[in-house]
Amino acid sequence: MMNKIILRHFSEPYRLFFPLGIFFLLWGSMLWLPKIWGSLESYPVFLHRYLMLNGFVASFIGGFLMTAAPRFSQTESARFVEILLFLLVI
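Throughout what follows, the structure given in this document is the object of discussion. Worth saying up front: this structure is predicted, and the values here are computed from it rather than measured.

Definitions and limits used
- Residues numbered from 1 in each chain as written.
- Predicted model: local features only at pLDDT ≥ 70, side-chain atom pairs only at ≥ 80, totals over all residues.
- Heavy atoms only, no water.
- Axes fitted to C-alpha atoms, helices over the stretch in contact; angles between N-to-C directions.
- Helix = DSSP H or I, 4+ residues; strand = E, 2+ residues; numbered from the N terminus.
- Parallel < 35°, antiparallel > 145°, perpendicular 65-115°, else oblique.
- Contact = heavy atoms within 4.5 Å.
- Nonpolar A, V, L, I, M, F, W, Y, C, P; charged D, E, K, R; others polar.
- Core = buried A, V, L, I, M, F, W, Y, C linked by side-chain atoms within 4.5 Å.
- Buried < 20%, exposed > 50% of the residue type's maximum accessible area, 1.4 Å probe, protein only.
- Left-handed = near helix turned anticlockwise from the far one by under 90°.

**What about the packing of helix 2 (residues 14-30) against helix 5 (residues 80-89)?**
When two helices pack together, their arrangement is given by the angle between the helix axes and by the axis-to-axis distance. Following both chains from N to C, one finds helix 2 and helix 5 inclined at 10°, their axes separated by 12 Å at the closest point. Relative to helix 5, the element helix 2 is oriented roughly parallel. From helix 2, Leu 16, Phe 17 and Leu 20 reach across to helix 5, where they touch Ile 83, Phe 86 and Leu 87. Classifying every residue of the contact of helix 2 with helix 5 gives 6 nonpolar, no polar and no charged.

**A look at the nonpolar core**
The nonpolar side chains of a soluble globular protein tend to be buried with one another. Of all hydrophobic cores here, the largest spans 10 residues; its members are Phe 17, Phe 24, Leu 31, Tyr 43, Leu 51, Ala 58, Met 66, Ala 78, Ile 83 and Ile 90. The leading source of residues in this core is helix 4 (residues 45-73), at 3 residues. Not counting residues up to four positions away in its chain, the partners in contact with Ala 58 are Leu 53, Phe 86 and Ile 90.

**Some thoughts on the packing of helix 2 against helix 4**
Closest axis-to-axis distance for the helix 2/helix 4 pair is 8 Å, and the angle between their directions is 160°. With respect to each other, helix 2 and helix 4 are oriented roughly antiparallel. Taken as a pair, helix 2 and helix 4 cross one another with a handedness that is left-handed. A per-class count over the contact of helix 2 with helix 4 returns 14 nonpolar, 9 polar and 1 charged.

**What to know about unusual backbone geometry**
The backbone of Gln 74 shows a phi angle near 55°, a positive value even though the residue is not glycine. By secondary structure assignment, the location of Gln 74 is in the loop between helix 4 and helix 5. Residue class for Gln 74 comes out exposed when judged on its relative accessible area of 74%.

Laid out in structure tokens, this is it:
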């Protein structure tokens, strides 16, 4: 049962990358809250930029390219090693 769930996540990478992208989106957005409430003097611009570009955007692009592109072109989906390498890059 557990193997089927794991294999399904890797056969359809959007199931892994889109929730991960939403996590990075929420994390990067939550950085604004202390600044809005006035408890921070400076805003962590570089952390926000990193989370939004390398986390949110990269996860959605990777999830799309590894899922939709193979379906449109009727080729095989991303392999396990490719998904792990992309996760390491993120």
